[in-house]
Amino acid sequence: MGNWRTLPLTAILMCVLTVATQAALQSGTPATKQTQSTDTKKPEAGDTADKKPEPPPDKPFADLIKDAKTLEGLFNLYQTEEKVFLEIQPDQFEKMFIVSLTCESGIGERGFYAAQMCGHLPVVFRKQAKNVQLIARNTRFVASETTALHRALDRSFSDSILGSTKIESLPHPDRKSVLIDLGGLLLTDLPMQAYALETTFRIPYRFDAKNSSFATIKAFPRNIEISTIGHYSTERPPVPPLVAPGTPVPPTPPPPRNLPDVRSMLFNFRYSISDIPSTAGFQPRLVDDRVGHFFEDIDDFTTDAPYTPRRRYITRWALEKEDPSAVLSRPKKPIVFWMENTIPVKYRDAVHQGALLWNKAFEKIGFKDAIVVNQQPDDADWDPADIRYNTIRWFAATDASFAIGPSRANPLTGELYDADISFADGLLRTIRREVPELINPLSWEEQTPLPPVRPLWMRQQAWSCTAMSETARDAAFGFDLLLARGMEPDSPEADAFVNQWLIWLAAHEVGHTLGLRHNFRASTIHAFNRLHDTSLTSSQGLTGSVMDYVPTNLARKGQPQGDFQQTSLGPYDYWAIEYAYKPVTGSPEGERAELNKIASRVADPMLAYATDEDAGFGPLWPWSSDPLATRNDLGSDPLEYYKHSVALSQELWTNMEATLQKPGEGYQILRRSFLGGLGKAGGALLDTTRYIGGVYHYRDHVGDPGNRLPFTPVPVAKQKEALNLIRENLFSPGAFRFSPQLLNKLAVERFPDFSNFASLEQRSDYPIHQQILSLQTAALNRLFHPVIMSRVLDNELRVEKRELTLTLGTVFSSIQDAIWAELQGPAVSINSFRRSLQREHLRKMIALVLREAAVPEDARSLARHSLTTLRARARTATTTADSVETRAHLNESVARIDEALRAQLQRSAF
């Protein structure tokens, strides 16, 4: 909140009145004339003034539905002009069902997109006097009904009430069923969308029941499908606070920009209430952390013999052979996907091909045509959102460039029964460079794709998949580079480039629906110099798995070009499918021995595996220690790939003016391509920082072949190689040298966006200092993060000899020597780029000295030593400075160091 003196008088009066009213209510003192009556006379006999009115009597079942449209199914539905009634049979109370939510429509921005699976929950209908409650069951905790502890579970762990509605009818005379008003349950903010909207936009949107309604209603034998149109509104968006000039104001997100009126928005929700699929013939399978699968977890208190009650079942489809004795047999029930008719025709073959790649892995374990992909006809009379159909869909949004492949599983067994894959239309526009250009680029710390906003009641949040948004940006860079080399944007070569990427993406998202997690170590199976050997990559894959985030495989100019993208499964994919789906006899516990044989191959370098938590969430994530567990890299030595990425960016910057700008077209193509190159080089350099203090992490179990230990420090030679790469390309005086002519061409399209007035308040010229400094600062923050410096120290104890690891002293001195390299020459000339970087480094060292971060004491001592050394060099350099700006910068640096060292002495007692 701003200073109270800046608030309007009316706001202050309202605050005073609110406080007075609350105090009056708490003390019993009347606050207004309307509440000042002190008459406490009890009502006389027969006085009905204070009696609660009797509720209207329940109506006969037939009277309520006599004019209703009837839909028979799992639950019978009756639709009148005013209400929708749900009939609940006596045996349907306390029976578990699954409620699944699909967000059919959105607002096209900030995660609120159409055609998204938005969660599922196990529920029961519970009768409570005259009401029926919708109860979300807590299925995580179980115990065998033969144990005494089974009786304690319900008292130990709570369910949740999602909603409640009144019983509207007398029991049916024959079926004994009752009717409830379904609107009392579903025409509410059941998804907590208002909370998600307020969290995203900081605007108090609320569910408006009066203007919400049912849309389509369908009933089927195993499920019912109910679509609602939910209205969310706010009386008026909040205005920025009034503050004194110069007072910092906390940043607030902009309001939604894709609405005709920001005060109102409509969402179409589809609720599917279905039977839990029968578990007959399905064998739950225990998860193993050596292979990456999604899982459902329960705490089984049946016995206390295991050290933990936790049981984790992988999510997988029920596949059984039609002929169990055959080496290769079709499944009794294949996994069928329908390609929705919204997919652009020219991309359907690529999507189809990518989805069917997985059949090769299933054939290895005896299943023929385990996956079937059909095309939805344009005149189809069924709805792709129906829970009975697994679909691959397309949707449109103005700021979405992602794909998502979620699936639904039985929470008790892990059996998958529904999946819907969605591709954003913006993905291919991103690659083909048709996306609108932002005026003000984000800082490197802010360049994280927005995840879809999901309802808070979603039972299990799977790891977010940003494969499309991350690899689409990389593919866009590759597309630009090929254009700069002479490729025509509408040529067969360009189409082949896009189709290869789409094949990989379809395979990646289908892999998620099969239960597979990401594998961010898969890119390390081949040497970097063999990535364009198609005889190798066509048989073994460009990487070990399509579940990695695979960047575009670009050769240097003039060298042979191999596959641009991963268009086949890798060795890991076959292994993961084998573990999840290979027919094995016995109970979940009885399968352990056979499954352990499969998982124990973990040390095979072709099966390299690491997932989200190993890679962390962005290059600046300090808790991730393994530089081989990284998104968007290629080759067994990622440092080679990072050097290659920097060289490709420099090639683009050198040639873009001559090849990309066309007469009669705007200059914005140069700005987009320049940013693409900066993103490619900058991302590579930030990932390089992961080597400093790095520790390789392996998932091997005791006794696995290879006898690898869980942790191995990155060799000192590799850490020094990474440090030199950072010094030369990020911190040296020669880094980021661009011609003035190029910088003066980095323009945007000159179309004002009157729907987003914030864009009119930003610079149209490119803020080159801000962007480069943001990248350099991000790298410094990672290198001098307390966790990283602690790990550098710890690594000294993880090797036999201290000289076998990188020391903190080397990190401090190497970075400082590169950033302040100008001080070592006979004549000191420091340009504005370098002065900004040097100030940032100085701030970092001063913060360490003044205890502004919880860092190792050795780091604080080294920071003080750095400042002392730097002070001496800066004082000497002032005498040979070539400009007043350089001299002023050095004098200011010396003054800041003196103040920091004096302040440290004053704080030494603490």
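Everything numeric here is computed off the predicted structure, so don't read it as measured data.

1. A few points about the overall build of the chain
Then, in step 1: Counting its secondary structure elements, the chain contains 24 helices and 22 strands.
Then, in step 2: Every one of the 910 residues in the chain was classed for burial, and the buried ones make up 52%.
Then, in step 3: For the chain, contacts bridging at least 24 residues in sequence account for 74% of all contacts bridging at least 6.
Then, in step 4: When the accessible area of the chain is evaluated, it comes to approximately 42700 Å², of which 53% is carbon and sulfur surface.

2. Observations regarding the sheet that holds strand E1 (residues 69-71)
Then, in step 1: Taken together, 4 strands build an open sheet; the order of strands is E1-E2-E3-E9 and the sheet is antiparallel. Where the open sheet ends on each side, the last strands, each with one partner, are E1 and strand E9 (178-181). Neighbouring strand axes in the sheet, compared pairwise and without regard to direction, differ in orientation by 25° on average.

3. What to know about the packing of helix H21 (residues 808-819) against helix H23 (residues 857-877)
The axes of two packed helices give the description: the angle between them and the distance between them.
Then, in step 1: Look at H21 against H23: their axes get within 10 Å of each other, and the N-to-C directions meet at 30°. The angle between H21 and H23 falls in the class roughly parallel. Our pair here, H21 against H23, has a crossing hand that is right-handed. The segment H21 lies against H23, with Leu808, Gly809, Phe812, Gln816 and Asp817 engaging Asp858, Ala859, Leu862, Ala863, Ser866, Thr869, Leu870 and Arg873.
Then, in step 2: Across the contact of H21 with H23, the residue classes break down as 6 nonpolar, 4 polar and 3 charged.

4. Quick word on the sheet that holds strand E13 (residues 295-300)
Then, in step 1: The strand order across the open sheet built from 3 strands is E7-E13-E14, with neighbouring strands paired in mixed fashion. Looking at strand neighbours, the two that pair on one side only are strand E7 (141-142) and strand E14 (310-314), the edges of this open sheet.
Then, in step 2: Both E13 and E14 contribute to a ladder of 5 bridges, which runs antiparallel. Bridge assignment links isoleucine 298 to a residue of E14, and that residue is arginine 311.

5. Some points on a nonpolar patch on the surface
Then, in step 1: Where nonpolar side chains cluster on the molecular surface, the patch consists of Phe617, Trp621 and Trp623 and spans about 350 Å² of accessible area.
Then, in step 2: Relative to the elements of secondary structure, tryptophan 623 occurs in the loop between helix H14 (612-615) and helix H15 (638-659).
Then, in step 3: The exposed category is assigned to tryptophan 623, whose relative accessible area is 57%.

Analysis parameters
Every chain is numbered on its own, with residues counted from 1 as its sequence reads. For a predicted model such as this one, the threshold for reporting local features is a pLDDT of at least 70, and the threshold for listing and counting side-chain atom pairs is 80 or more; totals across whole chains, interfaces and linings nevertheless cover every residue. Neither water nor hydrogens contribute to the side-chain values; these are computed over all heavy atoms in the structure. In this text, helices come from DSSP runs of H or I with a minimum length of four residues, and strands from runs of E with a minimum of two, each type numbered from the N-terminal end. Accessible area is worked out with a 1.4 Å probe on protein chains only. A residue is then buried under 20% of its type maximum, exposed over 50%, and partly exposed in between. Contact definition: two residues touch when any of their heavy atoms are within 4.5 Å. Method for areas: the Shrake-Rupley scheme with a 1.4 Å probe, in which residue coverage is limited to the protein chains shown. Any two strands with at least two DSSP-identified bridges between them are counted as paired. The axes are straight lines fitted to the C-alpha atoms, using for helices just the contacting stretch, and the angles between their N-to-C directions are given from 0 to 180°. Orientation is classified from the angle alone, with under 35 degrees giving roughly parallel, over 145 giving roughly antiparallel, 65 to 115 giving roughly perpendicular, and any other angle giving oblique. By convention the crossing between two helices is left-handed if the near helix lies anticlockwise of the far one by an angle smaller than a right angle, and right-handed if it lies clockwise. Amino acids are sorted into nonpolar (Ala, Val, Leu, Ile, Met, Phe, Trp, Tyr, Cys and Pro), charged (Asp, Glu, Lys and Arg) and polar (every other residue, Gly among them). Residues enter patches when their relative accessible area tops 30% and they take part in no salt bridge; the joining distance is 9 Å for like charges and 5 Å for the nonpolar side chains Val, Leu, Ile, Met, Phe, Trp and Tyr. Note on definitions: salt bridges are taken to be side-chain nitrogens of Lys or Arg within 4 Å of carboxyl oxygens of Asp or Glu.

Read these as layout, nothing more, since geometry by itself doesn't imply function.
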